[in-house]
Amino acid sequence: DAKTTQPTSMDCAEGRAANLPCNHSTISGNEYVYWYRQIHSQGPQYIIHGLKNNETNEMASLIITEDRKSSTLILPHATLRDTAVYYCIVRALNTGTASKLTFGTGTRLQVTL
Amino acid sequence: GAVVSQHPSWVICKSGTSVKIECRSLDFQATTMFWYRQFPKQSLMLMATSNEGSKATYEQGVEKDKFLINHASLTLSTLTVTSAHPEDSSFYICSARKTYSGSRSYEQYFGPGTRLTVT
């Protein structure tokens, strides 16, 4: 799996959009970009994933650059409950049972009043 | 859907004893389950991958005789920490992956974690 680079930490005011960047310059053509988050002392929570098109769901939007070397997770209206560590992971889906999610250090997002 | 539970949520045990942690997929079948360990202020580290009905595959540096994994059914995997020592104190998280194919098929769903403290 390709490695990703994320800022160590970010702050965001409550109610504002949180934009979390991720670099994955060595991503392969068959690898998807996944985002998970981990609230303190809980298991990771799936947020969203995509291949090359932008994706949106009830939690967030994922913007992937045309060359797929970077992406941005957007939380449109951050709340205090969005305070967590956000992990950007790239992974192929066609590796069957050998496919693994490998977590990096992630971005610690602190949402403030 | 896609709920994964773990039991217990926390456990304290004495050094030298063994502890079993259960991971269940409540509303889906999981051919593959994963066990992670997380030390304070660190990221999740994959320990092993287990497939139903076969032996687990351990990551480099993880002692298979110390961390026994059993995946006897499509909804249950267990991790047994044998002869636990204080350095085994950690947050253990399991993850389950659905069996069917499709664009969302390889999503992994995580349990809430089990905090193990060895005294």
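Note: the structure precedes this text.
Residues numbered from 1 in each chain as written. Chains lettered and ligands numbered in written order. Predicted model: local features only at pLDDT ≥ 70, side-chain atom pairs only at ≥ 80, totals over all residues. Heavy atoms only, no water.

> Can you tell me about the overall build of chain B, naming the residues and giving the values?
A count of helical and extended segments in chain B gives 0 helices and 11 strands. Listing every helix and strand of chain B by position from the N terminus yields β-β-β-β-β-β-β-β-β-β-β. For 119 residues, the compact-globule estimate of 2.2 N^0.38 gives 14 Å, and the C-alpha radius of gyration of chain B, at 14 Å, lies within 12% of that figure. Within the span of chain B, comprising 119 residues, buried residues form 50% of the whole. Put simply, of all contacts in chain B between residues at least 6 apart along the chain, 56% involve residues at least 24 apart. Summing over all exposed atoms, chain B offers an accessible surface of approximately 5,800 Å²; the carbon and sulfur share of this is 52%. (Helix = DSSP H or I, 4+ residues; strand = E, 2+ residues; numbered from the N terminus. Rg over C-alpha atoms; globule rule 2.2 N^0.38 Å. Buried < 20%, exposed > 50% of the residue type's maximum accessible area, 1.4 Å probe, protein only. Contact = heavy atoms within 4.5 Å. Areas by Shrake-Rupley, 256 points an atom, 1.4 Å probe, with all protein chains shown as cover.)

> Account for the sheet that holds strand 2 (residues 18–23) of chain A, with residues named and values stated.
All names here are of chain A. Taken in spatial order, the 4 strands make up an open sheet running 2-7-6-5, and their pairing is antiparallel. Strands at the two margins of the open sheet, each flanked by one partner only, are strand 2 and strand 5 (55–56). Relative to strand 7 (residues 70–75), strand 6 (residues 61–64) runs antiparallel, the two being bridged by 4 bridges. Residue pairing across strands places Ile-63 opposite Thr-72, the latter belonging to strand 7. (Pairing = 2+ DSSP bridges.)

> Please give an account of the interface of chain B and chain A that cites residues and values.
Taken together, the 22 residues of chain B in the interface contact 20 residues of chain A. Between chain B and chain A the total buried area reaches about 1,700 Å² when both faces are included, carbon and sulfur atoms providing 51% of it. The tally of links between chain B and chain A comes to 0 salt bridges. At the level of secondary structure, the elements contributing two or more residues to the side of chain B that touches chain A comprise strand 4 (30–38), strand 5 (45–51), strand 9 (90–98) and strand 10 (108–110) of chain B. Of the residues forming the side of chain B that touches chain A, the biggest block, 4 residues, is contributed by strand 4 of chain B. Here the side of chain B that touches chain A is composed, by residue class, of 9 nonpolar, 8 polar and 5 charged. (Buried area = accessible area lost by both parts, 1.4 Å probe. Salt bridge = Lys/Arg side-chain N within 4 Å of Asp/Glu carboxyl O. Nonpolar A, V, L, I, M, F, W, Y, C, P; charged D, E, K, R; others polar.)

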